[in-house]
Amino acid sequence: MPSIDDFIRPREWISDFVSDVGRVLREWGKDRYIPIRQQVDEDWRDHKLVEPLLKELLVDLGINAAFFPAEVGGTDMPDPCTLVCILAEEGGRIDSGFTVAALCSLWPMLPIMLKPHRNMALIKEFGPKFCGETLYVGCNAMTEPASGADIENMDRVRGKTIQTTAKLDGDEWVINGHKIWPTNSGEVADLYGVVCTTKKGSTDLNDFAFIYVPAHTPGVSMGGPYQKAGMSADMNTDIWFENVRVPKFYRAHGPGDDLTYFTEMITYGNMASASMCLGVMKNVYEIIKRWTTERIIAGKPIKEHSMVASALSDIAIDIEATSAWIHAYCREIDHPEIYGVDPWSPKYAHKSRGLAVFASRAVERVCSTAMDYMGSYGYSREFDVEKHWRDSKMIGLWMGGLGLKQLENARYWYDLETL
């Protein structure tokens, strides 16, 4: 009988090592997370359950060390985009909110970790902490109250709305500003990757800066967690920076290069978002398949009624299409020697926006269809479809939301010049 493992996942493109990591995560989720998934959903304020689980995944299973080089205790895993997407998919099947928290720990480190643009000074500074035996969590401090997705809309806004400033004073950056909504903010994160400008109001892309700030640096403060419709394992708060001083070398790369590798971060964010949607869809497929097999209406299982079978087919089609698209892009991003395009090229940031839109729409359809045919059981907490329904809606809203994703995708495919 077909299972989630029969949906497209090109085996010749995925190393045995990466596949093994995915299997380990699935087994861990089955044994440790899914049995308490509903309890975690109530842990949005205190994270008494979440942080020990993060420690198991990031430290004990080695995910935090995945991309750091061996010389600082990392495992330097191959095919980084494919690995991220396998982790996001398997994690999304377990709990997309928890997966966001786990993967966002590494997200701000990508500009300095990924080959061939590693910053070894910063890797030696922070790598041993991420690769150690104690939980050490990253946070990408990007969104601001006033500008929202403008920060990600660098093609047109060009950084002029960034309000968080970084001024060089001798051998230190002095940072002032206010961030909101970052994953792992609050008391979770140990290190922030902060999007700044070295000249407020500037449209010079060289003024875009990405600077690392340890969470307990004097002048850093934060608000309490926001309660959201879903994504309870993803803690979001406000962060304030008031004359925060960090060493000059805490800047990721420097003028121009900071934005270049920030663009690569956006691509990885799009790919991970789509993969989390895929994981959610696969778990909903498992739930609705079991439900429509066991539930009897008019003397036969629900799935044997033609109207239901048609809807179930649409669920499988959405999963198959999303999976195929993800792995095709992973192949391109991980193998620039074949496809001739650097992973940090705006091409992939823009193309992967289209994938993220498709996946977020697909997961909404899948969750809604499952709820339609489960009736009241679909929106009861017992079967977890309503949790996936709440959580997955939020995946489509982050990183610029639907509007910016569509716009950037159109910029690539249609050579837009004014939008």
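See above for the structure.
The text that follows walks through the structure, step by step, so that each part is easy to find. (Residues numbered from 1 in each chain as written. Predicted model: local features only at pLDDT ≥ 70, side-chain atom pairs only at ≥ 80, totals over all residues. Heavy atoms only, no water.)

**Focus on the overall build of the protein chain**
Helix and strand counts for the protein chain come out as 13 helices and nine strands. Relative to the 2.2 N^0.38 estimate, which gives 22 Å for 419 residues, the radius of gyration of the protein chain is 21 Å and therefore close to what a compact globule would have. A principal-axis box enclosing the C-alpha atoms of the protein chain has dimensions of 80 × 50 × 40 Å. Counting across all 419 residues of the protein chain, residues that qualify as buried make up 58%. At a minimum sequence separation of 6, the contacts of the protein chain that also span at least 24 residues come to 75%. Carbon and sulfur atoms make up 53% of the accessible area of the protein chain, which amounts to about 16900 Å² in all. (Helix = DSSP H or I, 4+ residues; strand = E, 2+ residues; numbered from the N terminus. Rg over C-alpha atoms; globule rule 2.2 N^0.38 Å. Buried < 20%, exposed > 50% of the residue type's maximum accessible area, 1.4 Å probe, protein only. Contact = heavy atoms within 4.5 Å. Areas by Shrake-Rupley, 256 points an atom, 1.4 Å probe, with all protein chains shown as cover.)

**Things to note about the pattern of salt bridges**
Counted under the stated rule, the structure contains 31 salt bridges. Close ionic contact of Arg 381 with Glu 42 constitutes a salt bridge, the shortest N to O distance being 2.5 Å. With Arg 381 in the loop between α11 (376-379) and α12 (385-395) and Glu 42 in the loop between α2 (37-40) and α3 (50-60), this pair connects stretches of sequence that are 339 residues apart. When the shortest N-O distance is used, the salt bridge between Asp 95 and Lys 387 registers 3.3 Å. Note that Asp 95 is positioned in helix α4 (residues 80-104) and Lys 387 in helix α12, a separation of 292 residues in sequence. Asp 95 gets classed as buried once you look at its relative accessible area, which sits at 2%. Of the residues examined, Lys 387 reaches a relative accessible area of 2% and is grouped as buried. Sharing partners across several salt bridges, the network here consists of Asp 41, Glu 42, Asp 95, Arg 381, Glu 386, Lys 387, Arg 390 and Asp 391. (Salt bridge = Lys/Arg side-chain N within 4 Å of Asp/Glu carboxyl O.)

**Description of the environment of Pro 80**
Relative to the elements of secondary structure, Pro 80 occurs in helix α4. Counting along the chain gives 34 residues from Pro 80 to Leu 114, while the straight-line C-alpha distance between them is 8.0 Å. Excluding anything up to four places from it in sequence, Pro 80 contacts Phe 67, Leu 114, Tyr 268 and Asp 334.

**Some words on the environment of Met 394**
Its location among the elements puts Met 394 in helix α12. Between the alpha carbons of Met 394 and Ser 202 there is a distance of 31 Å; along the sequence they are 192 residues apart. Sequence-distant contacts of Met 394, defined by excluding residues within four places in its chain, comprise Lys 228, Gly 230 and Met 231.

**Considering the packing of aromatic side chains**
Per the stated rule, a full pass over the model turns up 20 aromatic pairs. Seen from their ring centres, Trp 28 and Tyr 33 are 6.1 Å apart, and the 45 degrees between their planes marks the pair as tilted. Judged by relative accessible area, Trp 28 falls into the buried class, the value being 9%. Given a relative accessible area of 0%, Tyr 33 falls into the buried group. Look at Trp 28 and Phe 98: their rings are 5.8 Å apart centre to centre, the planes differ by 25 degrees, and that puts the pair in the stacked class. Here Trp 28, found in helix α1 (residues 16-33), pairs with Phe 98, found in helix α4; they are 70 residues apart in sequence, far enough to count as distant. Feature note: the residues Phe 126, Phe 210, Tyr 212, Phe 249 and Tyr 250 constitute an aromatic cluster, connected by ring pairs. (Phe/Tyr/Trp six-rings, centres within 6.5 Å; stacked < 30°, edge-to-face > 60°.)

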